[in-house]
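# A closer look at the structure
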Amino acid sequence: MADSTFNLSDLEAIVADRLKNGDATSYTRKLADKGIAKAAQKLGEEAVESVIAAVSGDADALTYESADLLYHLVVVLALKGVPLDEVLAELKRRTAQSGLQEKASRPAD
């Protein structure tokens with residue numbers, strides 16, 4: 001079982017620190033220096049890799065790729081100034097009703 005003392009808020013704090021301290025050896029800092037477009041591209045790549053791992057049935061690969069996906073999502077959120085708490089609040093709002101009700105309440109495209 002995974003260590004339950006590490007959570008996405010911990011990851012958010014680590015990412016924020018690495019973005020702030022400017023350490024040239026930090027992958028997070030190097031990714032941020034390439035800009036939001038590159039960080040978002042990496043997020044998309046990790047999403048695709050997670051899908052491939054899920055479809056392949058390889059649970060270990062899905063775990064690995066999901067970690068990459070969550071990390072890159074947290075980096076993109078940080079670069080855009082969106083706190084993780086806002087994302088979690090939106091999830092909480094959505095789960096207060098059934099998924100079908102929530103989807104029906106969205107404005108039409």
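You'll find the structure just up there.
Summarised in this report is the structure supplied together with it. All values derive from a computational prediction rather than experimental measurement.

On to the overall build of the protein, then. Across its full length, the protein holds 6 helices and 0 strands. Listed by position from the N terminus, the elements making up the protein come as α-α-α-α-α-α. Seen along its three principal axes, the alpha-carbon backbone of the protein occupies a region of about 45 × 35 × 35 Å. Here the protein holds 109 residues, and the buried ones make up 21% of them. Taking as baseline every contact in the protein between residues at least 6 positions apart, the subset at least 24 positions apart corresponds to 50%. Carbon and sulfur atoms provide 60% of the accessible area of the protein, an area that totals close to 7700 Å². Each charge class in the protein can be summarised by its mean position, and for the 13 positive and 18 negative side chains these summaries are 6 Å apart.

Where helix α3 (residues 36–56) meets helix α4 (residues 59–80), the closest approach of the two axes is 8 Å, and the angle between their N-to-C directions is 155°. With respect to α4, the axis of α3 lies roughly antiparallel. Here α3 and α4 pass one another in a crossing that is left-handed. Contacts between α3 and α4 involve I36, A39, A40, K42, L43, E46, A47, E49, S50, A53 and A54 from the former and A61, L62, E65, S66, D68, L69, H72, L73, V75, V76, L79 and K80 from the latter. Of the residues contributing to the contact of α3 with α4, the split by class is 14 nonpolar, 3 polar and 6 charged.

Running from N to C, helix α1 (residues 8–21) and α4 cross one another at 55°; their axes reach a closest spacing of 10 Å. Judged on the interaxial angle alone, α4 and α1 are oblique. Between α1 and α4 lies a crossing of right-handed hand. Contact with α1, carried on its side by L8, L11, E12, V15 and L19, involves L70, Y71, V74, V75, A78 and L79 of α4 and no other residues of that element. Its residues assigned to classes, the contact of α1 with α4 comprises 10 nonpolar, no polar and 1 charged.

Let us now look at the pattern of salt bridges. On inspection of all chains with the given rule, the structure shows 5 salt bridges. We note a salt bridge from E45 to K42, for which the minimum N-O separation is 3.4 Å. Of this pair, E45 and K42 are both found in helix α3, 3 residues apart, which corresponds to roughly one turn of the helix. Residue K42 is classed as buried on the basis of its relative accessible area of 18%.

This next bit is on the nonpolar core. Core analysis: the largest hydrophobic core is formed by 11 residues, namely L11, V15, L19, L31, A32, A39, L43, Y71, V74, V75 and V76. Contributing elements (two or more residues each) for this core: α1, α2 (27–33), α3 and α4. Considering each element in turn, this core owes the most residues, 4 residues, to α4. Excluding residues within four positions of it along the chain, V76 makes contact with I36, A39, A40 and L43.

The rules behind these values
- Residues numbered from 1 in each chain as written.
- Predicted model: local features only at pLDDT ≥ 70, side-chain atom pairs only at ≥ 80, totals over all residues.
- Heavy atoms only, no water.
- Helix = DSSP H or I, 4+ residues; strand = E, 2+ residues; numbered from the N terminus.
- Buried < 20%, exposed > 50% of the residue type's maximum accessible area, 1.4 Å probe, protein only.
- Contact = heavy atoms within 4.5 Å.
- Areas by Shrake-Rupley, 256 points an atom, 1.4 Å probe, with all protein chains shown as cover.
- Lys, Arg positive; Asp, Glu negative; His and termini not counted.
- Charge placed at Lys NZ, Arg CZ, Asp CG, Glu CD.
- Axes fitted to C-alpha atoms, helices over the stretch in contact; angles between N-to-C directions.
- Parallel < 35°, antiparallel > 145°, perpendicular 65-115°, else oblique.
- Left-handed = near helix turned anticlockwise from the far one by under 90°.
- Nonpolar A, V, L, I, M, F, W, Y, C, P; charged D, E, K, R; others polar.
- Salt bridge = Lys/Arg side-chain N within 4 Å of Asp/Glu carboxyl O.
- Core = buried A, V, L, I, M, F, W, Y, C linked by side-chain atoms within 4.5 Å.

So, to be careful, I would describe these as geometric facts and stop short of saying anything about function.
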